[in-house]
Structure formats: C-alpha cells, structure tokens
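Coordinate inspection notes
Single-letter residue listing:
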Amino acid sequence: MSIHAPLKDGPRDALLSGYLDSLALVERLHRLLLDVIKDEFERLGLLEINAVQALLLFNIGENEVTAGELKTRGYYQGSNVSYNLKKLVELGYMHHQRSEIDRRSVRVRLTEKGRRVRAVITDLFARHAEGLVARGVLGIDGIDQINSALKRMERYWADQIRYIY
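On a predicted model such as this, the values are computed, not experimentally measured, just so you know. (Residues numbered from 1 in each chain as written. Predicted model: local features only at pLDDT ≥ 70, side-chain atom pairs only at ≥ 80, totals over all residues. Heavy atoms only, no water.)

1. Section: the overall build of the protein chain
- Helices and strands together make up the secondary structure of the protein chain, namely six helices and three strands.
- Computed over C-alpha atoms, the radius of gyration of the protein chain comes to 19 Å, more than 25% over the 15 Å expected from 2.2 N^0.38 for 165 residues, which places it beyond the range of a compact globule.
- Projected onto its principal axes, the C-alpha coordinates of the protein chain cover approximately 60 × 45 × 25 Å.
- Within the span of the protein chain, comprising 165 residues, buried residues form 24% of the whole.
- Within the protein chain, contacts between residues at least 6 apart in sequence are counted, and of these 47% link residues at least 24 apart.
- A total accessible area of about 11900 Å² is found for the protein chain, and carbon and sulfur atoms account for 56% of it.
- With 25 positive and 22 negative side-chain charges, the protein chain shows a spacing of 5 Å between the two charge centroids. (Helix = DSSP H or I, 4+ residues; strand = E, 2+ residues; numbered from the N terminus. Rg over C-alpha atoms; globule rule 2.2 N^0.38 Å. Buried < 20%, exposed > 50% of the residue type's maximum accessible area, 1.4 Å probe, protein only. Contact = heavy atoms within 4.5 Å. Areas by Shrake-Rupley, 256 points an atom, 1.4 Å probe, with all protein chains shown as cover. Lys, Arg positive; Asp, Glu negative; His and termini not counted. Charge placed at Lys NZ, Arg CZ, Asp CG, Glu CD.)

2. A look at the packing of aromatic side chains
- In total, this model carries one aromatic pair according to the counting rule given.
- Directly above the ring of Tyr93 sits Lys113, whose terminal nitrogen or CZ lies 4.6 Å from the centroid.
- The ring centre of Phe58 lies 5.0 Å from the NZ or CZ of Arg118, which sits over that ring. (Phe/Tyr/Trp six-rings, centres within 6.5 Å; stacked < 30°, edge-to-face > 60°. Lys NZ or Arg CZ within 6 Å of the ring centre and 35° of its normal.)

3. Notes on the environment of Leu57
- Following the sequence through the fold, Leu57 ends up in helix 2 (residues 51-60).
- For the pair Leu57 and Ala119, spaced 62 residues apart in the sequence, the C-alpha separation amounts to 9.8 Å.
- Leaving out residues up to four positions away in the same chain, Leu57 has contacts with Ile49, Leu88, Tyr93, Met94, Leu110, Gly114, Val117 and Arg118.

4. Focus on the side chain of Thr111
- Looking at where Thr111 falls in the secondary structure, it is placed in the loop between strand 3 (106-110) and helix 5 (112-134).
- The contact partners of Thr111, leaving out residues within four places of it in the chain, are Gly92, Tyr93, Met94 and His95.

5. Structural notes on the confidence of the model for the protein chain
- Chain-level statistics for the protein chain give a pLDDT mean of 89 and a share of 93% at 70 or above.
- Model confidence for the protein chain, summarised as mean pLDDT per element, is weakest for helix 3 (residues 67-72) at 81 and strongest for helix 5 at 98. (pLDDT = per-residue confidence, 0-100.)

6. Looking at the sheet that holds strand 3
- What the three strands build is an open sheet, ordered 1-3-2; its pairing is antiparallel. Edge positions in the open sheet fall to strand 1 (65-66) and strand 2 (94-98), since each of these has one partner strand only.
- Pairing analysis gives two bridges linking strand 1 to strand 3, with the strands arranged antiparallel. Across the sheet, Val65 pairs through a bridge with Val108, a residue of strand 3. (Pairing = 2+ DSSP bridges.)

As structure tokens, then:
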C-alpha cells in the first residue's frame, strides 16, 4: 500500500506516488540500519561510539583516506565528518597523520580497536544476509535486482547534479 496516494488517477500521478514511496523507503531503511547497529552495540556493551561512527569504520576498512575522500568514495554521507573523525581518533579507533605531500590534509586509517569494531559490523551483516536467505525474504537474485535498481537510481541522481545545474 502506498503511503503517498496519487492525487489523481493518471499514470503520471501513479508514477510520482511510487517514486515518493521509494524515496521514503530508502530514507527509512538507512535510519533503521543505524538503529540495528545501535541495538547490536548496546547488546555487546559497545557504548562509546554511535552507529554512524561504526558504519564509518566499517566502510573505511583497510583503506587509508583523507576526510575529503570519505565523501567522494561514498564511505560517509553526513555533514559532520570532521566531528566524527576527531571523536574516533580521540577514542583510539583511528590513527591520523598529516600528509607528507599536502600538510593541510590529514590521512586516517583504522587502529586495531577500529578493526575489531569493523569485525563486529561484518559479523552482524553476515548474519543478516544469511537470515534473509534462510527466512525466504530475499535470495541472491533478489538482492542483485535491488542493487541494480538502486545503482541505476544513483547514476540518474548523480547525472541530475552534474548536468542540470
């Protein structure tokens, strides 16, 4: 059932309604993902970092990056990247080092403590992937179809930013 009922019965209105439902779902799924990570951390007693910071550690993985690269590589979508990086460094989850080439730039990478958090998230995601299949929610084909559709939408939106303005 659509949460955005069409204003009229035309195909354009039905398309808009479906698109708005998709947008709302993507937003809700992201918030729900953060809640799932938060719940896992509470269960394990890992309370000094939040879900956004944990997801940032997961996405960085074994890479060494600058703060600017976090957004361009798609590792981080928020506006407060500097705050989260500073907090993760202070708490010992990340190393930071000034770039030898550009002294204004700071490169970051995970510490052993950060890699342990990444392993927790990896295990959580692996359990979820297995649970989706075991409960018949989604198989590999369904996941591939979702990913393909979302990548097409991502390309479309990126093109809108690049070419319209």
